[in-house]
Amino acid sequence: MREGASIAVNGVCLTAVDLRPESFSADLAPETLERSNLGALRTLSRVNLERPLTPEGRLSGHIVQGHVDATGTMTALDPVVLESSPHFDRQTTDWTLKVRVPDNVRQWMVHKG
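Here the structure is a predicted model, which means the values were calculated and not measured.

## A closer look at the overall build of the protein
Here's step 1: A count of helical and extended segments in the protein gives two helices and seven strands.
Here's step 2: Element order for the protein, N to C, with α for helix and β for strand: β-β-β-β-α-β-β-β-α.
Here's step 3: Out of the 113 residues belonging to the protein, those deemed buried represent 15%.
Here's step 4: Expressed as a percentage of contacts within the protein between residues at least 6 apart in sequence, the contacts between residues at least 24 apart total 42%.
Here's step 5: Carbon and sulfur atoms form 51% of the exposed surface of the protein, whose accessible area is close to 9,800 Å².

## Section: the pattern of salt bridges
Here's step 1: On inspection of all chains with the given rule, the structure shows three salt bridges.
Here's step 2: With its nearest N and O atoms 2.6 Å apart, the salt bridge here joins E31 to R35. In this pair, E31 and R35 both sit in helix 1 (residues 30-35), four residues apart, roughly one turn of the helix.
Here's step 3: The exposure class of E31 is partly exposed, given its relative accessible area of 33%.

## Here we look at the nonpolar core
Here's step 1: Within the largest apolar cluster, eight residues are counted, these being I7, V9, V12, L14, A16, L28, L33 and L38.
Here's step 2: Going through the elements one at a time, strand 1 (6-9) and strand 2 (12-15) are the ones with two or more residues in this core.

## So, a nonpolar patch on the surface
Here's step 1: Among the surface-exposed residues, M74, L77, W95, L97 and V99 lie close enough to one another that they form a single nonpolar patch of about 550 Å² accessible area.
Here's step 2: Its location among the elements puts W95 in strand 7 (residues 92-100).

## Structural notes on the pairing of strand 2
Here's step 1: Here strand 2 shows a clear split, with V12 and L14 buried on one side and none of C13 and T15 buried on the other.
Here's step 2: Two strands pair when backbone bridges link them, and strand 1 and strand 2 are joined in this way by four bridges, in the antiparallel orientation. Across the sheet, residue A8 finds its bridge partner in strand 2, namely C13.
Here's step 3: The antiparallel hairpin formed by strand 1 and strand 2 contains two residues in its connecting segment, where N10 sits at a positive phi of about 50 degrees.

Definitions and cut-offs
- Residues numbered from 1 in each chain as written.
- Predicted model: local features only at pLDDT ≥ 70, side-chain atom pairs only at ≥ 80, totals over all residues.
- Heavy atoms only, no water.
- Helix = DSSP H or I, 4+ residues; strand = E, 2+ residues; numbered from the N terminus.
- Buried < 20%, exposed > 50% of the residue type's maximum accessible area, 1.4 Å probe, protein only.
- Contact = heavy atoms within 4.5 Å.
- Areas by Shrake-Rupley, 256 points an atom, 1.4 Å probe, with all protein chains shown as cover.
- Salt bridge = Lys/Arg side-chain N within 4 Å of Asp/Glu carboxyl O.
- Core = buried A, V, L, I, M, F, W, Y, C linked by side-chain atoms within 4.5 Å.
- Patch = residues over 30% accessible without salt bridge, like charges linked within 9 Å, V, L, I, M, F, W, Y side chains within 5 Å.
- Pairing = 2+ DSSP bridges.

Have a look at this one:
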């Protein structure tokens, strides 16, 4: 492992920081904590860890690839300042990105991703 590597924790891909022999840290946005079970974890909680796979590794499935069907238009990039969050003891800043997509591809869009 190296700092900046992706490690899946309970299926959520996180960027590893502060690597130590027995642990690592990761920065999580409030959205990630609210939409996964990671916000409910406590010290010594059991988790499923998956290391990243290099392109040279053996795959036991298929790589998901996308293609461009349309072009969206960015309509806003707004800062979201969270003064009090159940997951943080300090002020944090996130961003909300709004993109307008053409009607013909809207049914194929995921709500968040």
